[in-house]
Amino acid sequence: MIKVTIYNEGVHEKTEKCVADVYPEGIHGQLKKVLSDEFEVSTYTLETVGEITEEVLKNTDVLIWWGHMAHQDVPDEVAARVRDAVHSGMGLVALHSAHHSKPFKLLMGTKCNLLWRCNDDFERVWKVKPAHPIAQGVGDFIYLEHEEVYGEPFGIPDPDEVVFISSYEGGEVFRSGCCYTRELGRIFYFQPGHESYPTYYNEEIIKVIKNAINWAYSPYRSDRGIDCRHVKIPTTVLEDVK
């Protein structure tokens, strides 16, 4: 089975009753519950983030990262480990406010800022690349009765592919499903998932996350990422060319 590690900072659930009511076992607990039927899942929170060692990441095929109010409390060395693991071939699925997480910003090389507001708007997550593996098994759009609004401009590098674009009650649009490759690793950013809404109970949202795990997974890993090597062409080859 694909080995999935989930990081959720787990702060909102302890400090805000409205969040604990929606996710009594934490966002990581809910994601583990709905993903464990297909994947081997382990979880970490801010309290245990230091335990995300190089060894843990070497044994992780795909890392899911959810963060919001405690990005600054994630140690820089952990963020650097995640970046290096992606370069070596580990997949990364960054959810919701993980656009501002240290690992994601390291991998993007930008501030990753955006427009936002939270007014209980509905969201439609439009499938704009229907043939993409991550889009399989979902309808033309996913309707979410309430979700935090994210809006353009979104300060990310141009994605390799945009699989989903969201529209909101107030008229905003947002590139809500973006694919990247960094050295040997694949990254998928997926916007839905505000902590006070039951987004991770939505079957189509979970289907997208499962698809993203399968897409981001690679059986090939190299500790050094793409190696910078001097290649010497064998003399016999040169003679054949002549």
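For the structure, check the block above.
The rules we used
Residues numbered from 1 in each chain as written. Predicted model: local features only at pLDDT ≥ 70, side-chain atom pairs only at ≥ 80, totals over all residues. Heavy atoms only, no water. Helix = DSSP H or I, 4+ residues; strand = E, 2+ residues; numbered from the N terminus. Rg over C-alpha atoms; globule rule 2.2 N^0.38 Å. Buried < 20%, exposed > 50% of the residue type's maximum accessible area, 1.4 Å probe, protein only. Contact = heavy atoms within 4.5 Å. Phe/Tyr/Trp six-rings, centres within 6.5 Å; stacked < 30°, edge-to-face > 60°. Lys NZ or Arg CZ within 6 Å of the ring centre and 35° of its normal. Pairing = 2+ DSSP bridges. Axes fitted to C-alpha atoms, helices over the stretch in contact; angles between N-to-C directions.

## What to know about the overall build of the protein chain
Argument step 1. A count of helical and extended segments in the protein chain gives eight helices and eleven strands.
Argument step 2. Relative to the globule expectation of 18 Å for 242 residues, the C-alpha radius of gyration of the protein chain, 19 Å, shows essentially globular dimensions.
Argument step 3. Viewed in the frame of its principal axes, the protein chain has a C-alpha envelope of about 70 × 40 × 35 Å.
Argument step 4. Counting every position in the protein chain, which comprises 242 residues, the buried fraction comes to 50%.
Argument step 5. In the protein chain, the share of contacts with a sequence separation of at least 24, taken over all contacts with a separation of at least 6, comes to 73%.

## With respect to the packing of aromatic side chains
Argument step 1. Counted by the stated rule, this structure contains eleven aromatic pairs.
Argument step 2. The interplanar angle of 80 degrees and the centroid separation of 5.5 Å between the aromatic rings of Tyr 150 and Phe 174 together place this pair among those described as edge-to-face. One end of the pair, Tyr 150, is in strand β8 (residues 149-151); the other, Phe 174, is in strand β10 (residues 173-182), with 24 residues separating them in the sequence. In this structure, Tyr 150 and Phe 174 share a single accessibility class: buried.
Argument step 3. Seen from their ring centres, Phe 154 and Tyr 189 are 5.6 Å apart, and the 55 degrees between their planes marks the pair as tilted. Of the two residues, Phe 154 sits in the loop between β8 and β9 (161-168) while Tyr 189 sits in strand β11 (residues 185-190), which places them 35 residues apart along the sequence.
Argument step 4. Three or more aromatic residues joined by ring pairs form one cluster here, namely Phe 104, Tyr 150, Phe 154, Phe 174 and Tyr 189.
Argument step 5. Across from the ring centre of Phe 141, 5.6 Å away, lies the NZ or CZ of Arg 124, which sits over that ring.

## Regarding the sheet that holds β9
Argument step 1. One open sheet accounts for nine strands, arranged β2-β1-β3-β4-β11-β10-β9-β6-β7; its pairing is mixed. Either end of the sheet is taken by a strand with one partner, and the two such strands are β2 (40-44) and β7 (141-144). Pairs of neighbouring strands in the sheet enclose a mean axial angle of 15 degrees, with direction left out of account.
Argument step 2. Where strand β6 (residues 123-127) meets β9, five bridges bridge the pair, whose relative direction is antiparallel. Residue pairing for β9: Arg 124 is matched across the bridge by Ser 167.
Argument step 3. Packing of helix α7 (residues 203-216) onto the sheet brings it into contact with β1 (3-8), β3 (62-66), β4 (91-95), β7, β9, β10 and β11, and relative to β11 it is tilted by some 165 degrees.

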